[in-house]
Amino acid sequence: MNDISSPAPLAIDGFRTERIAAAPGVTLNVAVGGSGDPIVLLHGFPQTHLMWRDVARDLAATNTVIVPDLRGYGASDKPEETSPDVYSKRTMGADIVAIARELGHEKFSLIGHDRGALVAVRAGLDRPKVVTHLGILDVLPTLDMWDVLHGVDAKVAWHLYLMAQPAGLPERMIAATGEEFFASFLDAWDTDGATFPPHIRQHYVDASVAAIPSIVADYRASAGIDLDLDRADRAAGAQLAMPVGILSQDWGSQLGFDASSLWAAWAPDLTYEPSQAGHYMAERAPADVAAFIRGLVAR
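Residues numbered from 1 in each chain as written. Predicted model: local features only at pLDDT ≥ 70, side-chain atom pairs only at ≥ 80, totals over all residues. Heavy atoms only, no water.

### Considering the packing of aromatic side chains
For any pair of aromatic rings, geometry is given as the distance between the ring centres together with the angle between the planes.
So, point 1. Per the counting criterion, the structure on display carries 12 aromatic pairs.
So, point 2. For the ring pair Trp-146 and Tyr-161, a centre distance of 5.3 Å and an interplane angle of 80° mean the geometry is edge-to-face. Here the residue Trp-146 occupies a position in helix 4 (residues 142-148), and Tyr-161 occupies one in helix 5 (residues 158-163), the gap between them amounting to 15 residues.
So, point 3. A relative accessible area of 36% places Tyr-161 in the partly exposed class.
So, point 4. With centroids separated by 5.8 Å and ring planes inclined at 85°, the aromatic side chains of Trp-158 and Phe-181 adopt a geometry described as edge-to-face. Here Trp-158 is found in helix 5, whereas its partner Phe-181 is found in helix 7 (residues 178-188), with 23 residues between them in sequence.
So, point 5. Arg-115 extends its terminal NZ or CZ atom over the ring of Tyr-219, reaching a point 3.8 Å from the ring centre. (Phe/Tyr/Trp six-rings, centres within 6.5 Å; stacked < 30°, edge-to-face > 60°. Helix = DSSP H or I, 4+ residues; strand = E, 2+ residues; numbered from the N terminus. Buried < 20%, exposed > 50% of the residue type's maximum accessible area, 1.4 Å probe, protein only. Lys NZ or Arg CZ within 6 Å of the ring centre and 35° of its normal.)

### Considerations on helix 3 (residues 115-126)
So, point 1. In a regular helix each residue adds 1.5 Å, so 12 residues correspond to 16 Å; helix 3 covers 17 Å between its end C-alpha atoms and thus fits that length.
So, point 2. In terms of burial, helix 3 is a largely internal element, 11 of the 12 residues being buried.
So, point 3. Listed in full, the buried residues belonging to helix 3 are Arg-115, Gly-116, Ala-117, Leu-118, Val-119, Ala-120, Val-121, Arg-122, Ala-123, Gly-124 and Leu-125. (Expected span 1.5 Å × (residues − 1).)

### Quick look at the side chain of Ser-214
So, point 1. When you line up the elements, Ser-214 lands in helix 9 (residues 212-222).
So, point 2. On the accessibility criterion, Ser-214 (3% relative accessible area) is buried.
So, point 3. Here Gly-72 takes part through its backbone oxygen, which lies 2.7 Å from a polar atom of the side chain of Ser-214.
So, point 4. Polar contacts involving the side chain of Ser-214 include one to the main-chain carbonyl oxygen of Ala-211, which spans 3.1 Å.
So, point 5. The residues contacting Ser-214, other than those within four sequence positions of it, are Gly-72, Lys-78 and Tyr-87. (Polar contact = N/O pair within 3.5 Å; in protein donor to acceptor, adjacent residues only side chain to side chain. Contact = heavy atoms within 4.5 Å.)

Geometric values such as these leave the question of function open.
This is the structure in structure tokens:
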């Protein structure tokens, strides 16, 4: 049951929009375009599927491109966090497998940015026969993400700690300054303040303000059940079996880690590319991101 009404979605030019059942009582807002081998694109925070608009149109020239709003975001359903697994990345990854299957695709390439990348990694670990290629934009696996956050330099991730708190207080705190809270990430992580057209920026802010409980629940899961799942996989020696491509800023220079080495422990078939386009690279440098994805799926 949804406790928050969803804002009307904006559209990706040339794509159709569907509502597709992902799980009992949960439907996702999904944009679909193009034809050919399927590529699924998962958005980050504090965005919606619209962050992929330019990349998706580029890829649709050669591929079927599937672009959902994640559970709890945008115009997708926002189930109540009745248990930790409601917003676990395992559950959210299963959503993506379900909508792809509903669209007729038993296998697909999966590309994720930020929060969507965490969903993509979990889907890749859980469904190695379904995810044929895995692309990750500007994030670390959950386990490594928490491990590299030390000292004052970790203040860049202050919101992770806020939203990791028990239900109630973080939601109320964020709701008290919702527009400013979400806009602060769009502004602080933008390279020069020119990445987002005003109506796109406002769409992200409005969509996020309308989804505070579910966004917090997504982050809370990453300090609990998602971390437990990663620890179990690390202990079992689980790895990503498909070709994996990483496109990332050099966070390691600030936080003191080697991203390629961290990823290599999870992905034996790995390529790593640095990016100068900032966190919002799919909107800042869409042609570069589309080329990265094409190179990955050709492997």
